[in-house]
Every structure is written in C-alpha cells, then in structure tokens.
Amino acid sequence: YAVMVAYIAQGGANLEQFIGGSMGDLPHGFGQVATAVTCALALYVARPGAVEKVNNALVGGVVATFLGIVGLGVGSADFGALIAPANQHPEEVVNAFPILFLAMVFQNIVPTVTYQLEGDRDKITTAIVVGTTLPMLMFLAWNAVILGNVMGIDPTLLTQEDPVQLLQSLSDGAVLGNLVGAFSELALVTSLIGFVYGLRDAWTDVLGIDQNKVEEYERYKPLLFAGIFAPPLLLSMANPDIFYHALDYGGAFGVSTLFLVLPPIMVWKQRYGEDNEPLSTKPMVPLGKIPLGSMWKAAATLIIEQGADKLGIVDFFREQM
C-alpha cells in the first residue's frame with residue numbers, strides 16, 4: 001500500500017504539471033483523483049487480455065522514452081561534476097538502501113522462474129543474473145543522465161529540488177523535459193497495474209474469494225477495487241508530496257521484511273528444520289548457513305537502524321555526544 005500511495009501521489013503530480021498550464025489553477029487533489037479513478041475504471045472494466053496488450057504497449061513506451069532520454073541527455077550531462085570527489089557523499093548510502101531495495105525487488109518472481117525452467121540450475125542462474133543486470137544498468141544510466149544534467153545547471157539544486165521535476169520544468173530543454181515526464185508517467189502506470197493485481201490476489205486469498213467463480217468474484221469486485229484504491233488515494237490527497245516518504249518507508253520496512261528477512265528464514269526452516277523435507281532445487285549459493293543468516297540479520301539491522309533514525313533516536317544520541 002505504501003508503494004500505491006507513492007504512485008498515485010506522483011502520478012497525480014505529473015498529470016497536474018502536464019495539464020496545469022492549459023487549465024489554470026486546479027482543485028486540490030485533482031491529479032491524484034484523476035489518476036486513481038482512471039486506472040481503477042480501466043482495470044475494472046477491461047478484460048485481462050486487453051490489459052496485457054495495453055501494458056505491453058506502455059512498456060514499449062517506457063523503453064522508447066528511456067532510450068530518448070539517454071540519447072539526448074548524454075550530450076548535455078556534466079559527468080565531470082558528477083564524479084568529482086567534492087560531490088561524493090558515501091555517508092548517505094545507508095539512507096538510500098530502502099529505495100535501492102524497493103527499486104530492485106524481483107524475488108517474488110523467482111519461484112515462477114524456477115518452476116518454468118523446471119529447476120535447471122544453469123538456466124535459473126542465467127535468468128536471474130541477466131534479468132537483474134539489465135535493470136541495474138538502466139538504473140545507472142538513468143541516474144547518470146538525470147543527475148549529470150542537473151549538475152550541469154547547478155549542483156546545489158540537488159539539495160533543494162527533485163532533479164526529475166527540475167528537468168521537466170526546463171525552458172531550454174523542452175524535449176528532454178517532456179521525455180522525462182512521459183517516462184515517469186508511463187513507468188508509474190505500468191508499475192501501478194502490477195501492484196493492483198497483486199493486491200487483488202492478496203485480498204481474494206485473505207477473504208477466501210475464488211476468482212474462477214465469476215458470479216462470486218463479480219459480487220465482491222466493487223469492494224475489492226475500493227479497498228485497493230481508496231486508502232492510498234486518501235493518503236495521497238492528504239499529502240500530495242508523500243511520494244518519497246512512502247517509498248522510503250515501504251523500502252525500509254515493507255520490502256526489507258518481505259523480501260530480505262522472511263525468505264532466508266523460510267529457506268533456513270526448509271533446509272535445516274526438523275521436517276527435513278527434500279529440496280526441489282539444490283542450494284545455488286555456496287557456504288550454506290553463512291549467507292542465509294547474514295542476509296536476514298543484515299536486513300534486520302537495517303530495519304532497526306532506519307526505525308531509530310525515523311523516530312529521532314539517532315539524532316538524539318548525536319546531540320548528546
């Protein structure tokens with residue numbers, strides 16, 4: 001839900017920025033309501049096949065705008081300033097971990113990959129390594145181009161304004177700014193579709209609703225979609241600038257718990273528990289218990305550190321020292 005809040009908040013902000021100039025002052029929350037209602041209605045009435053086709057087209061738009069951003073942005077980016085020692089801040093890396101975890105989440109599809117590749121170790125390894133490396137390279141290219149272009153304008157702006165919004169508002173770089181805005185909106189919508197279906201499946205499992213029984217599912221469908229969209233919409237309207245805070249909290253506590261703490265514990269129990277169940281796939285990471293224990297303990301440490309930081313405990317001790 002934290003990620004849904006972030007997507008609706010930022011999607012609304014992007015929409016308001018896109019149409020605000022032609023419509024004058026917009027009512028409070030207009031963009032968030034328009035984003036949520038449009039996506040909710042489209043997903044509610046559309047058939048899964050149609051949604052898949054539209055989503056594929058949107059993904060194509062994401063790739064096209066990404067390539068356009070990189071192609072145009074490389075020429076105007078100040079990479080010298082980007083890698084200058086004076087602009088490096090390694091002390092902030094820990095605070096960036098929640099966003100990094102959230103951005104690179106792919107663990108929920110690993111069981112599907114394992115099943116579809118029939119437990120073939122080499123194929124699974126290739127799929128995970130390649131499937132992780134390509135998005136990572138795209139993230140690095142995106143950050144280099146966006147931050148490099150802001151550095152070329154004024155490095156101090158990075159501490160004052162969202163670099164994406166800054167590039168969108170550039171008067172001397174309209175093409176790049178429009179591409180950044182289009183990429184941001186397309187990426188949000190494609191991600192939002194996936195999260196909506198994920199929440200729908202989660203709620204139907206919790207409530208015991210069988211999606212294969214059409215009459216039963218259609219009877220509860222309005223309540224399901226209201227439960228999916230209403231809470232994040234209300235929160236995004238209450239604080240339209242909640243995008244980064246929602247992602248920060250979602251990465252620090254939600255993603256860290258779901259994908260960095262629970263999976264190693266589950267694997268540990270299956271491998272070394274009293275049941276001693278046979279494994280469908282042999283362990284692919286060497287050293288056995290060491291990486292498993294290190295993963296959940298490191299993630300738990302990060303959760304505790306982020307919790308202490310957000311509660312002000314870290315700042316309190318710094319002041320006392």
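See the structure shown above.
Residues numbered from 1 in each chain as written. Predicted model: local features only at pLDDT ≥ 70, side-chain atom pairs only at ≥ 80, totals over all residues. Heavy atoms only, no water.

Q: Go over helix 11 (residues 243–272) with me, naming the residues and quoting the values.
A: Between its first and last C-alpha, helix 11 extends 41 Å over 30 residues, near the 44 Å set by a 1.5 Å rise per residue. Maximum bend of helix 11: about 55°, positioned at Ser256. (Helix = DSSP H or I, 4+ residues; strand = E, 2+ residues; numbered from the N terminus. Expected span 1.5 Å × (residues − 1). Bend = angle between axes of the 7 residues up to and from the residue.)

Q: Lay out the pattern of salt bridges in plain terms, naming residues and giving numbers.
A: Taken as a whole, this structure holds 1 salt bridge when the rule is applied. With its nearest N and O atoms 3.2 Å apart, the salt bridge here joins Arg200 to Asp201. Overall, the relative accessible area of 15% leaves Arg200 in the buried class. (Salt bridge = Lys/Arg side-chain N within 4 Å of Asp/Glu carboxyl O. Buried < 20%, exposed > 50% of the residue type's maximum accessible area, 1.4 Å probe, protein only.)

Q: Can you tell me about the packing of helix 5 (residues 93–103) against helix 11, naming the residues and giving the values?
A: Where helix 5 contacts helix 11, the two axes come as close as 8 Å, and the packing angle between them is 60°. Of the two elements, helix 5 crosses helix 11, and the hand of that crossing is left-handed. Residues Asn95, Pro98, Ile99, Phe101 and Leu102 of helix 5 form the contact with helix 11, whose own contacting residues are Leu247, Asp248, Gly251, Ala252, Val255, Ser256 and Leu260. (Axes fitted to C-alpha atoms, helices over the stretch in contact; angles between N-to-C directions. Left-handed = near helix turned anticlockwise from the far one by under 90°. Contact = heavy atoms within 4.5 Å.)

Q: Give a description of a nonpolar patch on the surface that names residues and reports values.
A: Taken together, the side chains of Val129, Val130, Leu134, Met136, Leu137 and Leu140 define a hydrophobic patch exposed on the protein surface, amounting to about 540 Å² of accessible area. Along the chain, Val130 falls in helix 7 (residues 121–153). (Patch = residues over 30% accessible without salt bridge, like charges linked within 9 Å, V, L, I, M, F, W, Y side chains within 5 Å. Areas by Shrake-Rupley, 256 points an atom, 1.4 Å probe, with all protein chains shown as cover.)

Q: Which residues make up the packing of aromatic side chains, and what values go with them?
A: For any pair of aromatic rings, the description rests on two quantities: the centre-to-centre distance and the angle between the ring planes. All told, the structure shown has 5 aromatic pairs when counted by the stated rule. Ring centres of Tyr7 and Phe195 lie 5.7 Å apart, and the angle between their planes is 75°; this geometry places the pair in the edge-to-face category. Note that Tyr7 is positioned in helix 1 (residues 2–23) and Phe195 in helix 9 (residues 174–207), a separation of 188 residues in sequence. When its relative accessible area of 36% is taken as the criterion, Phe195 is described as partly exposed. Ring pairing ties together the aromatic residues Tyr44, Phe225 and Phe229, which thus form one cluster. The aromatic ring of Tyr44 is capped on one face by Lys221, whose charged end is 4.6 Å from the ring centroid. (Phe/Tyr/Trp six-rings, centres within 6.5 Å; stacked < 30°, edge-to-face > 60°. Lys NZ or Arg CZ within 6 Å of the ring centre and 35° of its normal.)

Q: How would you sum up the nonpolar core? Please name residues and give values.
A: Among the nonpolar cores identified, the biggest contains 33 residues, and Met4, Leu43, Val196 and Phe229 are the most heavily contacted of them. Contributions of two or more residues to this core are made by helix 1, helix 2 (30–45), helix 3 (48–76), helix 9, helix 10 (214–238) and helix 11. Sort the elements by how many residues they give to this core and helix 1 lands first, with 7 residues. Those residues in contact with Leu43 that sit more than four places away from it in its chain are Val51, Ile193, Val196, Tyr197, Phe225 and Phe229. Residues Phe66, Trp142, Leu179 and Val180 belong to the second largest nonpolar core, which totals 11 residues. (Core = buried A, V, L, I, M, F, W, Y, C linked by side-chain atoms within 4.5 Å.)

Q: Describe helix 10, and please don't skip the residues or the numbers.
A: When the terminal C-alpha atoms of helix 10 are compared, their 36 Å separation across 25 residues agrees well with the 36 Å that a helix rising 1.5 Å per residue should span. The largest bend in helix 10 comes to about 45°, at Lys221, with the proline Pro222 one to four residues further on. Listed in full, the buried residues belonging to helix 10 are Glu216, Tyr217, Lys221, Leu224, Phe225, Ile228, Phe229, Pro232, Leu233 and Ser236.

Q: I'd like to hear about the side chain of Thr65, residue by residue, with values.
A: Note that Thr65 resides in helix 3. Judged by its relative accessible area of 11%, Thr65 falls in the buried class. Looking at Thr65, its side chain comes within polar contact range of the main-chain oxygen of Gly61, at 2.8 Å. Ignoring any residue separated from it by four or fewer positions in sequence, one finds Thr65 in contact with Leu179, Ala182, Phe183 and Leu186. (Polar contact = N/O pair within 3.5 Å; in protein donor to acceptor, adjacent residues only side chain to side chain.)

Q: So what's going on with the side chain of Thr35? Which residues, and what values?
A: Here Thr35 shows up in helix 2. By relative accessible area, Thr35 is classed as buried at 8%. Of note is the side chain of Thr35, whose polar atom sits 3.4 Å from the backbone nitrogen of Gly12. Excluding residues within four positions of it along the chain, Thr35 makes contact with Gly11, Gly12 and Leu15.

Q: Give a detailed account of the packing of helix 2 against helix 10, specifying residues and quantitative values.
A: As a packed pair, helix 2 and helix 10 sit with axes 10 Å apart at the nearest point and diverge in direction by 165°. When the axes of helix 2 and helix 10 are compared, the pair comes out roughly antiparallel. In the packing of helix 2 onto helix 10, the handedness of the crossing is right-handed. The segment helix 2 lies against helix 10, with Gln32, Val33, Ala36, Cys39, Ala40, Leu43 and Tyr44 engaging Lys221, Pro222, Phe225, Phe229, Leu233, Ser236 and Met237. Looking at the contact of helix 2 with helix 10 residue by residue, the class counts come to 11 nonpolar, 2 polar and 1 charged. (Parallel < 35°, antiparallel > 145°, perpendicular 65-115°, else oblique. Nonpolar A, V, L, I, M, F, W, Y, C, P; charged D, E, K, R; others polar.)

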